[in-house]
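Below are the chains, spelled out letter by letter.
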Amino acid sequence: MDSIKLTCLHDRHVAAGAQMSPFAGFDMPIQYSGIIEEHNAVRSGCGVFDVSHMGEVNISGADAEKFVNHIFTNDIAGAPVGKVFYGMMLHPTGGVVDDLLVYKRGENNFFLVINASNIDKDMAWIESQAEGFDVEIDNLSDQLGELAIQGPEAEKVMKEVLGINCEHLEFYTFEEMLLDGVHILVSRTGYTGEDGFELYAPTDAIPGYWDALMESGRAVPCGLGCRDTLRFEVGLPLYGDELADDITPVEAGLSMFCKLDKPDFIGRDAIARQKAEGPARKLVGLLLDGRAIARHGYDVLDPDGNVIGKVTTGYQGISVDGSIAAALIDSRFAAKDTKVMVQIRRKTFPATVTAKKFYKKSYKK
């Protein structure tokens, strides 16, 4: 078994008394003061996450744009430098290899941010598709760290604590710059439903930024526990839950990120066919009666007790009231307000199908 990896901030997390746990092959902080407190800090102020476990891949060369457009569902052709795109890499069957962000750094220079659990798989898949393309593929995952500074106060904290002015950055754009002689990349996307920024820098520079944020008292350290509750409440997917090798973007309600009018991309035919025919399964939101919590993998049943799907994520709401879940279920039962049941251990609990977004996003317009 491979040894567990550590991020460049691991010693800071341990010294701060964070609850640590293995995640995606890394020893990661799950919580510091507590998931609810950290969740609320991001919703109302500013929280900072160590997401240095994420993978980064740079693709350059004469065919870089053509290649990325071939392996990526969204359309990056002719985009301006500084634009960020969300989308997926697909198997020919339409299942998701990974969901990712693509940053356009130059006319034939693209920066891909991939999920930590998929770094090795993604690299092997990307390289396997590169035959016939004039591209250079560089895995930068071990060289870069990443902080996510999130919340309505994030813009002020970036400027007043770190000296990074982000006022001009629009949603899903980025800028590369020198900060005290260090090359950094700053983007404005966010995985919490709040305004926020991602700061990429060499691993030896990240601890200094973290320390400055902690010493300022302006940003609360946050673990992966509240990162999950925050993204789930606003309907953002997590690979391994709402997306997987056997779950398509159409089933997950993400087909808007699959641009069928662009030149062929891997998996396009499968997505076009599924969109035309309609998927057999759909991802829906569930509101459970009572306070029982539906966990990943729990069965969803129709009123007659037949299994019609499974829960992908479930929590007792923090920013919203009630026990909420997302589930991938038979499309026949996916209409809003449909009554279903969730099997939780030996009992079943009534639930109502609802939208996947339980909380309104607060991104900067």
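Source: prediction; values computed, not measured. (Residues numbered from 1 in each chain as written. Predicted model: local features only at pLDDT ≥ 70, side-chain atom pairs only at ≥ 80, totals over all residues. Heavy atoms only, no water.)

Caption draft 1: Seen up close, the overall build of the protein chain. Secondary structure summary: the protein chain contains 8 helices and 19 strands in total. Taken over the C-alpha trace, the protein chain has a radius of gyration of 21 Å; the compact-globule value for 365 residues is 21 Å, and the two agree within 12%. Projected onto the principal axes, the alpha-carbon positions of the protein chain cover approximately 65 × 50 × 45 Å. Across the protein chain, every contact between residues at least 6 apart in sequence was considered, and the portion connecting residues at least 24 apart equals 66%. Taken as a whole, the protein chain presents about 15,600 Å² of accessible surface, with 50% of it coming from carbon and sulfur. When the 36 basic and 54 acidic side-chain charges of the protein chain are each reduced to a single mean position, those positions are 9 Å apart. (Helix = DSSP H or I, 4+ residues; strand = E, 2+ residues; numbered from the N terminus. Rg over C-alpha atoms; globule rule 2.2 N^0.38 Å. Contact = heavy atoms within 4.5 Å. Areas by Shrake-Rupley, 256 points an atom, 1.4 Å probe, with all protein chains shown as cover. Lys, Arg positive; Asp, Glu negative; His and termini not counted. Charge placed at Lys NZ, Arg CZ, Asp CG, Glu CD.)

Caption draft 2: Looking closely at the sheet that holds strand 10 (residues 174-179). With mixed pairing, the 6 strands of this open sheet are ordered in space as 10-11-12-9-3-13. Among the strands making up the open sheet, the edge pair consists of strand 10 and strand 13 (220-222). The mean inter-strand angle of the sheet, taken between neighbouring strand axes irrespective of direction, is 25°. Sheet topology places strand 3 (residues 47-50) next to strand 9 (residues 144-150); 4 bridges connect them, and they run antiparallel. When the sheet's bridge partners are listed, Asp-50 is paired in strand 9 with Leu-147. Sheet contacts for helix 5 (residues 154-162): strand 9, strand 10, strand 11 (182-187) and strand 12 (196-202); angle to strand 12, the most-contacted strand, approximately 35°. (Pairing = 2+ DSSP bridges. Axes fitted to C-alpha atoms, helices over the stretch in contact; angles between N-to-C directions.)

Caption draft 3: Structural context of the side chain of Asp-50. Among the structural elements, Asp-50 can be located in strand 3. One buried charged side chain, Asp-50, makes no salt bridge at all; its nearest oppositely charged neighbour is Arg-227, positioned 9.6 Å away. Of the polar contacts made by the side chain of Asp-50, one reaches the side chain of Thr-7; its length is 2.6 Å. Polar contacts involving the side chain of Asp-50 include one to the side chain of His-13, which spans 2.8 Å. Aside from chain neighbours lying at most four places away, what touches Asp-50 is Thr-7, Leu-9, His-13, Met-28, Glu-146, Leu-147 and Trp-210. (Buried < 20%, exposed > 50% of the residue type's maximum accessible area, 1.4 Å probe, protein only. Salt bridge = Lys/Arg side-chain N within 4 Å of Asp/Glu carboxyl O. Polar contact = N/O pair within 3.5 Å; in protein donor to acceptor, adjacent residues only side chain to side chain.)

Caption draft 4: Summary view of the pairing of strand 5 (residues 84-90). Here strand 5 lies mainly inside the structure; 7 of its 7 residues are buried. Residues Val-84, Tyr-86, Met-88 and Leu-90 of strand 5 are buried on one face, and the alternating residues Phe-85, Gly-87 and Met-89, pointing to the opposite face, are buried as well. Note that strand 5 and strand 6 (residues 96-106) share 7 bridges and pair antiparallel. For Tyr-86, the partnering residue across the bridge sits in strand 6 and is Leu-101. Following strand 5, the chain reverses through 5 residues before pairing antiparallel with strand 6; Gly-94 in that reversal takes a positive phi of roughly 100°.

Caption draft 5: A look at the packing of aromatic side chains. Tallying each qualifying case throughout the model produces 10 aromatic pairs. Every member of this aromatic cluster is reached through a ring pair, and the members are Tyr-103, Phe-111, Phe-174 and Tyr-200. If you follow Lys-83 out to its NZ or CZ, it ends over the ring of Phe-85, 6.0 Å from the centre. (Phe/Tyr/Trp six-rings, centres within 6.5 Å; stacked < 30°, edge-to-face > 60°. Lys NZ or Arg CZ within 6 Å of the ring centre and 35° of its normal.)

Caption draft 6: Focus on the packing of helix 5 against helix 6 (residues 206-216). Contact geometry for helix 5 and helix 6: axes closest at 10 Å, N-to-C directions at 105°. Classified by the interaxial angle, the pair formed by helix 5 and helix 6 is roughly perpendicular. Between helix 5, through Val-157, Val-161 and Leu-162, and helix 6, the contact on the second element is made entirely by Tyr-209, Ala-212, Leu-213 and Ser-216. Residues belonging to the contact of helix 5 with helix 6 are distributed by class as follows: 6 nonpolar, 1 polar and no charged. (Parallel < 35°, antiparallel > 145°, perpendicular 65-115°, else oblique. Nonpolar A, V, L, I, M, F, W, Y, C, P; charged D, E, K, R; others polar.)

It is worth stressing that arrangement in space is one thing and function is another; only the former is reported here.
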